[in-house]
Amino acid sequence: MIVVGLMSGTSADGIDAAVVEIHGAPPALAWRLRAHLHVPYPAALRDEILACVQPEQGTVDRLCALNFRLGAAFADAALRAITQAGVTPAQVDLIGSHGQTLWHIPTGADASTLQLGEPAVIAERTGIATISNFRTRDMAAGGQGAPLVAYVDTLLLSHPTLTRAAQNIGGIGNVTYLPPTTTPAPQPLAFDTGPGNVLIDYAASRATAGEWTYDREGKLAAQGRVDEHLLAELMREPYLREKPPKTTGRELFGASFGARVWEAAQARRLADADIVATLTAFTARSIAQAYADFLPTRPDEVIVSGGGARNPTLMAMLRDALAPARTLPSDAFGLGAAAKEAIAFAILAYEAWFHRPGNLPGATGARQPVILGNLTPGRPRPALHDARDLTEAHHPAAEEIDTLATLDILRLMNSEDMHVARAVSAELVPLARAIDHIAERMRGGGRLIYVGAGTSGRLGVLDAAECPPTFNTAPDQVLALIAGGARAITQAVEGAEDDAEAGARDLAARQVSARDSVVGIAASGRTPYVIGALREAKRRGAFVVSLACNRHTPVEEIADVSIALLVGPEIISGSTRLKAGTAQKMALNMISTGVMIRLGKTFGNLMVDVQATNTKLRDRAQRIVATACHLSLEEAEARLAQCNGEVKTAIVSELARVSPAEARARLRAANGSVRAALKG
């Protein structure tokens, strides 16, 4: 997937936008940064943000208007980053927007958080589905809603043998403690260390009469002298002594805090540069003190990201305070210091899209892992608008696939394959209905019959062929019909799929009855051979299931249960052996396996109806009996020998302590269910 991450931190200096290509799933998550840019807020917008974070100025009308203005700013940043990445909005799958934090109450009866940047504006202006409001779900689960980047730090920066600290210095500082991954049950820890750049920015603005919004390259601090007396006073701030989990923000280290420090410093007759230097040291010392007080061990490496990593004076102070640990910017690890948090929210959006939790309860204090964020759908994409044409639709992201490097072709294919599991997941309810009805008929002596053409037909043949060795079904219990007959299994039989009458004849030749179930497999949902077979099955009273990759199709109109796996257009237009074929294979796996489980062909997750017809399967039968009965392999082999190699009989005989003959009788009475036979 291609995902845009959007982030604006406590400093409120602008928006970081990262275009990230993401594949796989944790712990094997792969990502590649395609573009990053920082879009500064216009002066008027930044002034409005800084005004609205003051409770006495942030009135409801100003917050309401600011929410939409920020939404427009985030949308503009996303579009500019997309252009810089050399892709189009139609090629981008998702946006993850953190928004702009206006207020954060991490604990207490009123625990809550407010981020602005209306996601509906982002989704409407870009046309891209947008996940936003990440912090609220963690807080609803009892957490503090931060630090959320800890989850991504754990994924991307953990090391097998080194202890690391991932230190972000944005407006606020936050750390993720990363023990070596080889540690038994490693437990990451994360919390806000205290001020990051927010007080330095305040002092730099006052020192330059508003000309600078931050200390450029740490030049002001470098010219000043740290006042140790004032620094000692600052280090007595109670927040620094609070135990994690803890978070903070401008509600504590904001303009009012900065103004008090400025006034105290002037009373001591400190120069402006001395005040900036002292507040820079405050950030470095508070980080070092947090490590000493709360990290389980001293880190070997400290990986710094955020705007603070671009301040040489702050980085020098931090290195001195954290020695002998190696202190390096995250750029040295392939993660741009300025881009890291935007990348993190792209990854958190990706995880939310796939319904995976994105918080670390050990970091935020939440009761359990939760899926983060709210989803605002994008605009309908023209190629996907009519679900009847999905399998033949043109895929805009693959228009120039023949010009791509081989690795990029594979990345595109892998990204598209990510849609398959989601499409199957959306049809679990009709799949379950189909399985239950098919199993009911098979208990009465009915058969499961697959009908298909081309790739769909071959997938049906494959699934049917694997049932006898896996579940010991009779050859005629699960069978498959393919347009063109046996020759079509290994080669194309042109025109066979267009013959509806052949489908009806082939189905009739199997003497289908009301006891049987017929599953028509057709990616398009319009294959004449399949339509003819399903109509004949329906006429004979069979239970009919359609398995397609489109909606509103002829097979759907015939079926008792319709399963539509909407995987979208293929990267090679119309080549349904790709995503459509993968989705159909997954669904067929579910149908046959689910039916066999319902029929008692398994005991727990053991294939107790396996046919031991070769050396591999004989070995498997021994392992199954050994596992089910807690026997050694030698004991299992002996028990199988007593039971003529019958796995179910061996299990029931051993666990129920009955003879093989009695075990067989129990199994017959229980319709082959081991669990029921054991109950006697």
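What you are looking at is a predicted structure, and each value in this text was computed from that prediction instead of being measured.

### Digging into the packing of aromatic side chains
- Evaluated as defined, the whole model comprises six aromatic pairs.
- The rings of Y239, F253, F257 and F282 are connected pair by pair, giving a single aromatic cluster.
- Against the face of Y239 rests K246, its NZ or CZ located 4.4 Å from the ring centre.

### Examining the pairing of strand β11 (residues 326–329)
- With four bridges joining them, strand β10 (residues 301–305) and β11 adopt parallel strand pairing. By the bridge assignment, V302 is partnered in β11 with T327.
- Regarding the hand of the β-α-β motif, the stretch spanning β10, helix α12 (residues 312–322) and β11 is right-handed.

### A short note on the pattern of salt bridges
- Summed over the entire model, instances satisfying the criterion amount to 29 salt bridges.
- Taking the shortest distance from any N to any O, the salt bridge between R356 and E351 comes out at 2.8 Å.
- Of the residues examined, R356 reaches a relative accessible area of 22% and is grouped as partly exposed.
- Ionic pairing is found between K538 and D560, a salt bridge with its closest N-O pair at 2.4 Å. Taken as a pair, K538 in helix α19 (residues 528–539) and D560 in the loop between α20 (554–558) and β17 (561–564) lie far apart in primary sequence, 22 residues in all.

### Notes on helix α21 (residues 579–598)
- Taking 1.5 Å of rise per residue, the 20 residues of α21 would be expected to cover 28 Å, and the 28 Å separating its terminal C-alpha atoms lies within 8% of that figure.
- G600, located one to two residues past α21, shows a positive phi value of around 80 degrees.

### A closer look at the side chain of K246
- Mapped onto the fold, K246 is located in the loop between α8 (228–234) and α9 (250–253).
- Buried and unpaired, K246 has no salt bridge, with E242 as the nearest side chain of opposite charge at 5.8 Å.
- Among the polar contacts made by the side chain of K246, one reaches the main-chain carbonyl oxygen of E242 at a distance of 2.8 Å.

### Some thoughts on the pairing of strand β9 (residues 189–195)
- Summarising burial for β9: seven of the seven residues are buried, a large majority.
- Here strand β8 (residues 172–178) pairs with β9 via six bridges, running antiparallel. Looking at β9, one finds that Y177 is bridged to L189.

About the cut-offs
- Residues numbered from 1 in each chain as written.
- Predicted model: local features only at pLDDT ≥ 70, side-chain atom pairs only at ≥ 80, totals over all residues.
- Heavy atoms only, no water.
- Phe/Tyr/Trp six-rings, centres within 6.5 Å; stacked < 30°, edge-to-face > 60°.
- Lys NZ or Arg CZ within 6 Å of the ring centre and 35° of its normal.
- Pairing = 2+ DSSP bridges.
- Helix = DSSP H or I, 4+ residues; strand = E, 2+ residues; numbered from the N terminus.
- Right-handed = clockwise from strand over helix to strand, strands pointing away.
- Salt bridge = Lys/Arg side-chain N within 4 Å of Asp/Glu carboxyl O.
- Buried < 20%, exposed > 50% of the residue type's maximum accessible area, 1.4 Å probe, protein only.
- Expected span 1.5 Å × (residues − 1).
- Lys, Arg positive; Asp, Glu negative; His and termini not counted.
- Polar contact = N/O pair within 3.5 Å; in protein donor to acceptor, adjacent residues only side chain to side chain.

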